[in-house]
Amino acid sequence: MNKPETDGADWILKAMVAVAGSDGQIDESETDLIQQVYLDQSGRTLTADEVSRTAEAAKGDLIAEFAAAAKVLDQNTKEEMIRAAYLVLLADDRIAGEERKKLKDIAAALQIPEIHFGAILEDLALWLAKARS
């Protein structure tokens, strides 16, 4: 049985709201970025209400869900989850300790080695620097 095309995008969405909400709230800039990344990944639009509902649903133990999903998700989807979540972490121009910890916890649950996690963030930082210049 084939998985739906949006399966990866939905996991990416969960990772983004988990990191964005880890400091207690998801602000407007984070919501906007979540909507944009989801559109890029899935081709579907997401309303602010849908982001809020996903965030409410994500208040449970998502780390356990990510650990279970790690067995079936491909490496590319796992990396996109980390990239997208990191972008959201940067959206409000401040990195809260809770957000950084949540991102590391997600990477660990997805069985992404620490060195690979660092490389993903480094590549993204280089990409962002080029995009801004």
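Residues numbered from 1 in each chain as written. Predicted model: local features only at pLDDT ≥ 70, side-chain atom pairs only at ≥ 80, totals over all residues. Heavy atoms only, no water.

A. A look at the overall build of the protein. Scanning the protein from terminus to terminus reveals seven helices and zero strands. Relative to the compact-globule value of 14 Å for 133 residues, the protein shows a C-alpha radius of gyration of 14 Å, a close match. Reported as C-alpha extents along the three principal axes, the dimensions of the protein are approximately 45 × 35 × 25 Å. By residue count, 41% of the 133 residues in the protein fall in the buried class. (Helix = DSSP H or I, 4+ residues; strand = E, 2+ residues; numbered from the N terminus. Rg over C-alpha atoms; globule rule 2.2 N^0.38 Å. Buried < 20%, exposed > 50% of the residue type's maximum accessible area, 1.4 Å probe, protein only.)

B. A look at the layout of surface pockets. Counted as a void, the largest pocket has a volume near 270 Å³. When residues of the lining of the largest pocket are traced back to their parent elements, those giving at least two are α1 (7-20), α3 (48-57) and α4 (62-69). At three residues, the largest contribution of residues to the lining of the largest pocket is made by α3. Of the residues that constitute the lining of the largest pocket, the class distribution is seven nonpolar, six polar and four charged. (1 Å grid on protein atoms, 1.4 Å probe; cavity = no way out; pocket = protein on both sides within 12 Å on 5 of 7 lines; lining within 4 Å. Points joined across faces, edges and corners; volume = space filled by probe spheres on them. Nonpolar A, V, L, I, M, F, W, Y, C, P; charged D, E, K, R; others polar.)

Function-wise, these values are silent; they only describe arrangement.
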